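# Notes for the structure review
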Amino acid sequence: MGRRRKGRDISGWVVVDKPAGMTSTSVVNKVRWALDARKAGHAGTLDPEATGVLAVALGEATKTVPYVTEALKAYEFTVRLGQSTKTDDAEGEVIAESNKRPNDEEIKQALSGFVGDIEQVPPQFSAVKIDGERAYKRARDGESMEIAARPLYVESLLLIDRPDPDHVTLEMVCGKGGYVRSIARDLGEALGCLGHVRQLRRTWSGPFDATDGLTVEQIDALAKTPDLDAHILPLEVALNGLPEVRCTEQGATRLRNGNPGMVLADGIEYGDTCWASQDGRAVAIGLYKAGELHPARVLNQAG
């Protein structure tokens, strides 16, 4: 029998405004330590030098992570024109340069080709697995890999600033699995001038916004105090995109045991994915079938 992890059995979300120079895993560990939480995870990795929204899930909220990662998210990023790098960002060695500098209209026209359902090849330095091994590990050994293109939905990609001929600032709203570094690389190639990401910030992700995020300094200052607990958002925030049904008392008991339970539903169709609540708290997520919820995830919130 595995040893039970120590810590408080708390569930919910903490929104962090991640600083540059810190990994997403380090942020999660910081939040878990500061709250003495038994279990924590995050909804969508940010590169170490990227900043912005990192939503940290605590306890049972980790079961709702897929509903955040599947949601739309927004990035504001600066592309350095005229250079490509090994890593497609400013951390990598410059491997090619170009003197060409497109004008704003040329850039706007090129951006239109990256909107909608597109195919995107992840960077060589990425966490994509190739034959069971992370691509970045093989890239660090000097290996060049063929990485298959992956589908990405881009709702919008806009030019929002041109501070100088060498730089453009863009804003992208996209779905799951987008690599901003790939957008910068491919845009540079489409324009014939090369390009890489200079700065990257995730401004919002699903229901979470960077303006509501705690800084690492605030987390340190509030660590182990009730004041930090006050920043924990309810688990249910992550389920805003799903319809809600209400449990009967008997239905809630059955759902907590992993069995189909009776629910009260209005306007829900057979087979819809939804979440069941009792007294406003999520009990389970699953499929609605003829007056019952068939649970896929049971949410046993403490307290």
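Residues numbered from 1 in each chain as written. Predicted model: local features only at pLDDT ≥ 70, side-chain atom pairs only at ≥ 80, totals over all residues. Heavy atoms only, no water.

## Comments concerning the packing of aromatic side chains
This model, assessed by the stated rule, comprises one aromatic pair. When the centroid spacing of 5.1 Å and the interplanar angle of 40° are considered together, the rings of tryptophan 13 and phenylalanine 208 count as tilted. With a gap of 195 residues between them, tryptophan 13 in strand 1 (residues 12-18) and phenylalanine 208 in strand 13 (residues 208-209) connect regions that are remote in the sequence. Given the relative accessible area of 0%, tryptophan 13 is considered buried. (Phe/Tyr/Trp six-rings, centres within 6.5 Å; stacked < 30°, edge-to-face > 60°. Helix = DSSP H or I, 4+ residues; strand = E, 2+ residues; numbered from the N terminus. Buried < 20%, exposed > 50% of the residue type's maximum accessible area, 1.4 Å probe, protein only.)

## What about unusual backbone geometry?
Positive phi values are uncommon outside glycine, yet aspartate 88 reaches one of about 65°. Looking at the secondary structure, you find aspartate 88 in the loop between strand 5 (83-85) and strand 6 (94-97). The exposure class assigned to aspartate 88 is buried, which follows from its relative accessible area of 6%. Unusually for a residue other than glycine, leucine 194 sits at a positive phi of about 70°. Secondary-structure assignment places leucine 194 in the loop between helix 5 (180-191) and strand 12 (195-205). Its relative accessible area of 22% is what places leucine 194 among the partly exposed residues.

## Overview of the side chain of glutamate 236
Following the sequence through the fold, glutamate 236 ends up in the loop between helix 7 (226-229) and strand 14 (244-247). For the buried glutamate 236, no salt bridge is present, and the opposite-charge side chain at shortest range is arginine 281, 5.0 Å distant. Polar side-chain contacts of glutamate 236 include one of 2.9 Å to the side chain of glutamine 301. Those residues in contact with glutamate 236 that lie beyond four places of it in its chain are Trp275, Gly280, Arg281, Ala282 and Gln301. (Lys, Arg positive; Asp, Glu negative; His and termini not counted. Salt bridge = Lys/Arg side-chain N within 4 Å of Asp/Glu carboxyl O. Polar contact = N/O pair within 3.5 Å; in protein donor to acceptor, adjacent residues only side chain to side chain. Contact = heavy atoms within 4.5 Å.)

## Here's the deal with the side chain of lysine 73
Position of lysine 73 relative to the elements: it lies in strand 4 (residues 73-81). A distance of 2.9 Å separates the side chain of lysine 73 from the backbone oxygen of threonine 69, its partner in a polar contact. When neighbours within four sequence positions are excluded, lysine 73 is seen to be in contact with Val68, Met172, Val173, Cys174, Gly175, Lys176, Arg202, Trp204 and Ser205.

## Thoughts on helix 3 (residues 104-111)
The complete set of buried residues in helix 3 reads Ile107, Ala110 and Leu111. In an axial view of helix 3, the angular spread of the buried residues amounts to 100°, which keeps them on one side of the axis. Residues of helix 3 that are buried make contact with strand 4, strand 10 (150-164), strand 11 (167-174) and helix 5. A distance of 3.1 Å separates the backbone nitrogen of glutamate 105 from a side-chain oxygen at the start of helix 3, and that oxygen is part of asparagine 103. (Arc of directions from axis to C-beta.)

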